[in-house]
Amino acid sequence: MNDILDKIRKLKEERGAVILAHNYQRSEVQDIADFTGDSLGLSLEAAKTGAKVIVFCGVHFMAETAAIICPDKTVLLPDEHAGCPMANMVTIRELREKKKEHPDAVIVTYVNSTAAIKAESDYCCTSSNAVKVVNSIPPDREILFVPDQSLGAYVASRTGRKIILWHGYCPTHHRMRSEDVIRMRGLYPDAKLVVHPECVTEVVSAADKVASTTGIMEYCRETQAKKFIVGTEIGILHRLRKENPGKEFYSLSEHADCPNMKLNSLEKILWSLEDMAPAVTVPPDIARAAARAIKRMLAIV
Ligand code: 13P
Ligand code: SF4
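Residues numbered from 1 in each chain as written. Chains lettered and ligands numbered in written order. Predicted model: local features only at pLDDT ≥ 70, side-chain atom pairs only at ≥ 80, totals over all residues. Heavy atoms only, no water.

Can you walk me through the pairing of strand β11 (residues 227–231) in this structure?
Two faces make up the sheet, and in a regular strand the side chains alternate between them. Most of β11 is tucked away: four of the five residues are buried. Where β11 meets strand β12 (residues 248–251), four bridges bridge the pair, whose relative direction is parallel. For Lys227, the partnering residue across the bridge sits in β12 and is Glu248. Regarding the hand of the β-α-β motif, the stretch spanning β11, helix α12 (residues 236–243) and β12 is right-handed. (Buried < 20%, exposed > 50% of the residue type's maximum accessible area, 1.4 Å probe, protein only. Helix = DSSP H or I, 4+ residues; strand = E, 2+ residues; numbered from the N terminus. Pairing = 2+ DSSP bridges. Right-handed = clockwise from strand over helix to strand, strands pointing away.)

Here it is, written out as structure tokens:
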């Protein structure tokens, strides 16, 4: 293990690379990263890094967003097959058809989407700033929220805005149901329930706190409670336990794992630095159009 860690560190230095990891990555990948965070935090970190190479340990849309923000950098995704199924739940043809039905709607697109969909959008947002992004849009404007129905419904409930929802969803977060809440609340009655807004509405409405993955980290750090039931992908438990040794964390469901997030590994990080591949690139015309919506997202933190 130490051998591979040493090799990664040495090669990272030689390549002038930085390793960014999402909060759901494998524990050992989070531990070798220079920065671990949520989608917004990782995008902001990519935007400000002085490194020439970004090894993006996350899923494809995250690396693609970094490539758009940093056109002069090489963005490596250690496993090129690490995709997000939700991002594929909207096609350009479908979105254009919907836009024709609602010609005056402002298109707000969750960052869990392809660059081509972002290029068709007015605003991008992450789970951490979706409410603020929607609140920044004049109240008389109709909003089409793409592709996550759960986050869209949560934003509608928090803002009181009329939002047209898309039918996309996260298969991992939708595995957690009311029965899990009842079971886990029964087992740990004094624990706080903290969940991601990609969860189904009945889980979201039962929670003590709804937040992005970094928002979940902050809440668990700052709240006096000692026990937490965590309704998001299980990879986050590593950081929660590491950074809060005096507290206890239980997953709302052991089935809440995202196989795509687990595709990156130490070996693949090393190979990506050796080969400088797989690199994620975006065609310039799509990147230009998508950058408009992404910059609006980065301006509202
Ligand atoms: P965060 O932006 O909250 O980290 O979420 C990203 C994601 O893919 C959730 O499933
Ligand atoms: Fe996509 Fe869900 Fe995995 Fe997040 S947890 S990357 S939304 S499939």
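How should unusual backbone geometry be read in this particular structure?
Residues other than glycine predominantly adopt negative phi, and peptide bonds predominantly adopt the trans conformation. The omega torsion of the bond from Val146 to Pro147 falls at -15°, within 30 degrees of zero and hence cis. Tracing the sequence through the fold places Pro147 in the loop between β7 (143–146) and α8 (149–159). The omega torsion across Ala277 and Pro278 is 0°, close enough to zero to call that bond cis. Take Pro278: it is sitting in the loop between α13 (266–275) and α14 (284–299). Of note, Met276 is a non-glycine position whose phi angle comes to about 50°, a positive value. Within the secondary structure, Met276 is located in the loop between α13 and α14. Here Met276 falls in the partly exposed class, since its relative accessible area comes to 27%.

Would you take a moment to explain the site of ligand 2 for this structure?
Contacts to ligand 2 come from Tyr24, Val59, Cys84, Pro85, Met86, Asn112, Cys170, His173, Glu198, Cys258 and Met261. Grouping the constituent residues of the shell around ligand 2 by class yields eight nonpolar, two polar and one charged. (Near = heavy atom within 4 Å. Nonpolar A, V, L, I, M, F, W, Y, C, P; charged D, E, K, R; others polar.)

In this structure, what is going on with the site of ligand 1? I would like to understand it.
Contacts to ligand 1 come from His22, Tyr24, Asp38, Ser39, Asn112, Ser127, His173, His196, Glu198, Ser212 and Thr213. Between ligand 1 and the protein, one listed contact pairs an oxygen atom with a side-chain N or O atom of Ser127 at 2.9 Å. With respect to ligand 1, the side chain of Glu198 contributes an N or O atom lying 2.8 Å from an oxygen atom. Here ligand 1, which alone exposes 300 Å², has 96% of that area covered by the protein. Residues that form the shell around ligand 1 fall into these classes: one nonpolar, eight polar and two charged. (Polar contact = N/O pair within 3.5 Å; in protein donor to acceptor, adjacent residues only side chain to side chain. Areas by Shrake-Rupley, 256 points an atom, 1.4 Å probe, with all protein chains shown as cover.)

Sorry, what's going on with the pattern of salt bridges here?
Side-chain pairs of opposite charge can arise where the charged atoms are in close proximity. Under the defined criterion, the tally for this structure stands at 21 salt bridges. Between Asp6 and Arg9 there is a salt bridge whose closest N-O contact spans 3.8 Å. Placement of the pair is Asp6 and Arg9 together in helix α1 (residues 2–15), with a separation of three residues, close to one helical turn. In this structure, a network of salt bridges that share partners links the residues Arg96, Lys99 and Glu120. (Salt bridge = Lys/Arg side-chain N within 4 Å of Asp/Glu carboxyl O.)

Any functional reading would require information that these geometric values do not contain.
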